[in-house]
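# Reading the structure
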Amino acid sequence: MKFFIKTYGCQMNVNDSEKMRYILESRGIHHCQSEADADIVIINSCAVREKAQDKIYSYIGRISSDKKIIVAGCVAQSEKDNILKRCSAVDFILGTHQYFKIHLAVDRIIKGDKRDVFAGFSKEWKELCPDMGSRESRVSGYVSIMEGCNNFCSYCIVPFTRGREKYRPFQNIMEEAEYLSNMGYKEIILLGQNVNSWEDKSEGFTFTDLLAALAEKTDVKWIRFITSYPGYFTDDMIKVMARFDKIARHIHFPAQSGSTRILKKMNRTYTRQDYLKIVNRFKRKIPGMKFSSDFIVGFPGETERDFELTMSLIKKVEYESLFSFLYSPRQFTKSFLDPDKTGIEVNKERLRRLQILQQEIQVKNNKTYIGKPVDVLITQRNPKKADEVIGRTESYRVVNFVSRSSVGEFKRVLITNVGPHSMRGMEVND
Ligand code: SAH
Ligand code: SF4
Ligand code: F3S
């Protein structure tokens, strides 16, 4: 029996896929890199926008009929009844809190049992540390520290697909981080829908205590974390980042909108001023601090004035990079039935303007690197140019350069040319 996992969505899905692979491989079931070679296709799905969900249905429809199909992840959780009704080819549905039963699903499929659904929510954290062989990267290791969300932003389906917040115990996180560090990983990326609400009540630790402990006890070069919710921000985060060089001076800090009126309607618990205050405090206390963000364009009721406030926030913060999305109404959410719609053409035009602005900012930012040496972690060889490698800077910028060095090495690279999305450079010795 061979299985193939097709992963959609965020890094947490990537990490859950690694865990499923680990479970199946440790039971002697073979992983393969292509769907064509597989007997079982596992789809780890994302439901965040309608398009993401449509992709799952169309992928299911394209899988050849001799394969067994398991749908896992967020669409499995939120659309289980629909999948059962619409997709007779699907053999098993595994919700977000049930991924660790993947081997049971496979056993039942092998036995020829009838299709079934495991989709209950569980309050407990499943302690599991995938080994190196089951991970996507030998350089950057994912460590999930919490799952779920209690915020219920009015557009967002995630609280319905991932359940309420639950936190992984401190000791268990440290064990996985130390394992990665001992295996030579260069970077640890902590994962969770709201990493900065993490706590371990029995130990009395908060997220910043966790960051400090990881910085002290591991040998990695960079520690990153996604995603931080601006509404839970405390000054401790600035302090801990200022104290440890190992914590990358870059934070993904989704604003969603620059208009307090829209933020309120989105049920985000901070204002434009709160957000800017935090960013400015970071910039003052930590020289070179960089930000990236997510924005939603065309949220119900967004006026030209609200949109201009988003544009001016982007100009003020000067993000290193950002993800921008057209609002997509999602079932179960508060704004799903909000009639206050702005026309799709207006929204598309706004999204275009936002993306042009961000491109200009990125070109301008990237130009400031020209002639300067930066530390780059090589993450892969360039599949198109044999003598080149691709790496990332501390602020997660992509850098291409000619090198004989291996994946996982850090190099000083002098930046020579820049575009909006990546930079080119030359390896130097100091
Ligand atoms: N927990 C993270 C976000 C997870 S979803 C946070 O709070 O920041 C990733 C991004 O998808 C969000 O930041 C948001 O910008 C976008 N998103 C979520 N729901 C959306 C929707 N209904 N329409 C468009 N974009 C959406
Ligand atoms: Fe969704 Fe908001 Fe929770 Fe992020 S904080 S996962 S956007 S509900
Ligand atoms: Fe998508 Fe679920 Fe992640 S909806 S963004 S895979 S939490």
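Details of the structure are given in the entry above.
With that settled, the discussion passes to helix H13 (residues 344–367). Residues spaced three or four apart along an α-helix point in a common direction, a consequence of the helix completing one turn every 3.6 residues. With 24 residues, H13 should reach 34 Å at 1.5 Å per residue; the first-to-last C-alpha distance of 34 Å fits that figure. Taken together, the buried positions of H13 are occupied by Asn-347, Arg-350, Leu-351, Leu-354, Leu-357, Gln-358, Ile-361, Gln-362, Asn-365 and Asn-366. Elements that come into contact with the buried residues of H13 comprise strand E15 (290–297), helix H12 (304–317), strand E16 (321–326), strand E20 (410–418) and strand E21 (422–428).

By nearness alone, 15 residues border ligand 1, and Tyr-155, Gln-193, Gln-256, Asp-294 and Ser-328 come closest of all. One of the backbone nitrogen or oxygen atoms of Tyr-155 is found 3.0 Å away from a nitrogen atom of ligand 1. The side chain of Arg-268 places a nitrogen or oxygen atom 3.5 Å from an oxygen atom of ligand 1. Of all elements in the fold, only E15 and E16 reach the threshold of two or more residues within the shell around ligand 1. Tallied by class, residues from the shell around ligand 1 come to 7 nonpolar, 4 polar and 4 charged.

Looking now at the nonpolar core. One finds Ile-145, Phe-207, Phe-225, Phe-282 and Tyr-319 to be the most contacted residues of the largest nonpolar core, which totals 67 residues. Leaving out residues up to four positions away in the same chain, Phe-282 has contacts with Phe-233, Met-237, Ile-238, Met-241, Ile-251, Met-289 and Phe-291. Grouped together as the second largest cluster of nonpolar side chains are 24 residues, Phe-4, Val-41, Ala-76 and Ile-93 included.

This brings us to the site of ligand 3. Taken together, Cys-10, Asn-13, Cys-46, Ala-47, Val-48, Cys-74, Arg-162 and Gln-193 are the residues near ligand 3. Grouping the constituent residues of the shell around ligand 3 by class yields 5 nonpolar, 2 polar and 1 charged.

Whether parallel or antiparallel, the strands of a sheet pair through hydrogen bonds between backbone atoms. Spatially, the 5 strands close up into a barrel ordered E17-E18-E19-E21-E20, and their pairing is mixed. Each strand axis lies, on average, 55° off the axis of its neighbour in the sheet, ignoring direction. Here strand E17 (residues 373–381) pairs with E20 via 5 bridges, running antiparallel. The partner of Leu-377 across the bridge, within E20, is Phe-410.

The next thing to look at is the packing of helix H1 (residues 11–25) against helix H5 (residues 102–111). For the pair H1 and H5, interaxial distance at closest approach is 9 Å and the crossing angle is 55°. The orientation of H1 relative to H5 falls into the category oblique. Residues Met-20, Ile-23 and Leu-24 of H1 touch H5, and the partners they reach there are Ile-102, His-103 and Val-106.

Turning our eyes to something else, we now look at the pattern of salt bridges. This structure, assessed with the given rule, holds 27 salt bridges. For the salt bridge of Asp-338 with Lys-265, the shortest nitrogen-to-oxygen distance reads 3.1 Å. Residue Asp-338 is located in the loop between E16 and H13, and its partner Lys-265 is located in helix H10 (residues 260–265); the two are separated by 73 residues in the primary sequence. Overall, the relative accessible area of 16% leaves Asp-338 in the buried class. Between Arg-353 and Glu-308 there is a salt bridge whose closest N-O contact spans 2.9 Å. Here the residue Arg-353 occupies a position in helix H13, and Glu-308 occupies one in helix H12, the gap between them amounting to 45 residues.

A few words now on the pairing of E20. Sheet topology places E20 next to E21; 6 bridges connect them, and they run antiparallel. Bridging across to E21, Val-418 finds its partner in Met-423. The hairpin turn running from E20 into E21, its antiparallel successor, is 3 residues long.

With that out of the way, let us pick up the state of the cysteines. For the coordinates displayed, the defined rule picks out 0 disulfides. Of all cysteine sulfurs, the one in Cys-46 lies closest to Cys-87, which takes part in no disulfide; the gap is 17 Å.

The rules behind the values
Residues numbered from 1 in each chain as written. Chains lettered and ligands numbered in written order. Predicted model: local features only at pLDDT ≥ 70, side-chain atom pairs only at ≥ 80, totals over all residues. Heavy atoms only, no water. Helix = DSSP H or I, 4+ residues; strand = E, 2+ residues; numbered from the N terminus. Expected span 1.5 Å × (residues − 1). Buried < 20%, exposed > 50% of the residue type's maximum accessible area, 1.4 Å probe, protein only. Contact = heavy atoms within 4.5 Å. Near = heavy atom within 4 Å. Polar contact = N/O pair within 3.5 Å; in protein donor to acceptor, adjacent residues only side chain to side chain. Nonpolar A, V, L, I, M, F, W, Y, C, P; charged D, E, K, R; others polar. Core = buried A, V, L, I, M, F, W, Y, C linked by side-chain atoms within 4.5 Å. Pairing = 2+ DSSP bridges. Axes fitted to C-alpha atoms, helices over the stretch in contact; angles between N-to-C directions. Parallel < 35°, antiparallel > 145°, perpendicular 65-115°, else oblique. Salt bridge = Lys/Arg side-chain N within 4 Å of Asp/Glu carboxyl O. Disulfide = S-S within 2.5 Å.

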